[in-house]
Amino acid sequence: MPKQNTSPADYPQAVLRQIELLAQNIAIARKRRGETQAQWASKLGVSVPTVARIERGDPSVAVASYVMGICVIS
């Protein structure tokens, strides 16, 4: 059976709001630590553009990248 992916545009608004809130918290934590997106990209094992997408709350970013962001701020 073919795999069907849900488009981020189809996510419920509640989910999108939670992703946005998480993104804001990750960005705030990085800035409070005085670290650059490049430093965080290295810690998360992703590219700088991906860190920027995480901080914007892009729902198409892999959930593992958001989880890594949570681990870094913890």
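Scoring rules and cut-offs
Residues numbered from 1 in each chain as written. Predicted model: local features only at pLDDT ≥ 70, side-chain atom pairs only at ≥ 80, totals over all residues. Heavy atoms only, no water. Core = buried A, V, L, I, M, F, W, Y, C linked by side-chain atoms within 4.5 Å. Buried < 20%, exposed > 50% of the residue type's maximum accessible area, 1.4 Å probe, protein only. Helix = DSSP H or I, 4+ residues; strand = E, 2+ residues; numbered from the N terminus. Arc of directions from axis to C-beta. Contact = heavy atoms within 4.5 Å. Axes fitted to C-alpha atoms, helices over the stretch in contact; angles between N-to-C directions. Parallel < 35°, antiparallel > 145°, perpendicular 65-115°, else oblique. Nonpolar A, V, L, I, M, F, W, Y, C, P; charged D, E, K, R; others polar.

Some words on the nonpolar core
Here is a general trend for soluble globular proteins: nonpolar side chains tend to be buried in one another's company.
And step 1. If you look at the biggest cluster of nonpolar residues, it comprises ten residues: I19, I26, A29, W40, A41, L44, V51, I54, V61 and Y66.
And step 2. Of all the secondary-structure elements, those providing two or more residues to this core are α1 (13–32), α2 (37–44) and α3 (48–56).

Remarks on α2
And step 1. Inspection of α2 places W40, A41 and L44 among the buried residues, and these make up the whole buried set. Along α2, the residues classed as buried sweep out an arc of 105° about the axis, all on the same side.
And step 2. On the buried face of α2, the contacting elements are α1, α3 and α4 (63–73).
And step 3. Immediately beyond the C-terminal end of α2, within one or two residues, lies G45, with a positive phi of roughly 75°.

Quick notes on the side chain of E55
And step 1. Secondary-structure assignment places E55 in helix α3.
And step 2. What makes E55 buried here is its relative accessible area of 14%.
And step 3. Once residues lying within four places of it in the same chain are set aside, the contact partners of E55 are A23, A27, R30 and Q37.

Points about the packing of α2 against α4
And step 1. Contact geometry for α2 and α4: axes closest at 10 Å, N-to-C directions at 105°. Taken together, the axes of α2 and α4 lie roughly perpendicular to each other. In this structure, α2 uses W40, K43 and L44 to contact α4, whose residues at the interface are M68, G69, V72 and I73.
And step 2. Its residues assigned to classes, the contact of α2 with α4 comprises five nonpolar, one polar and one charged.

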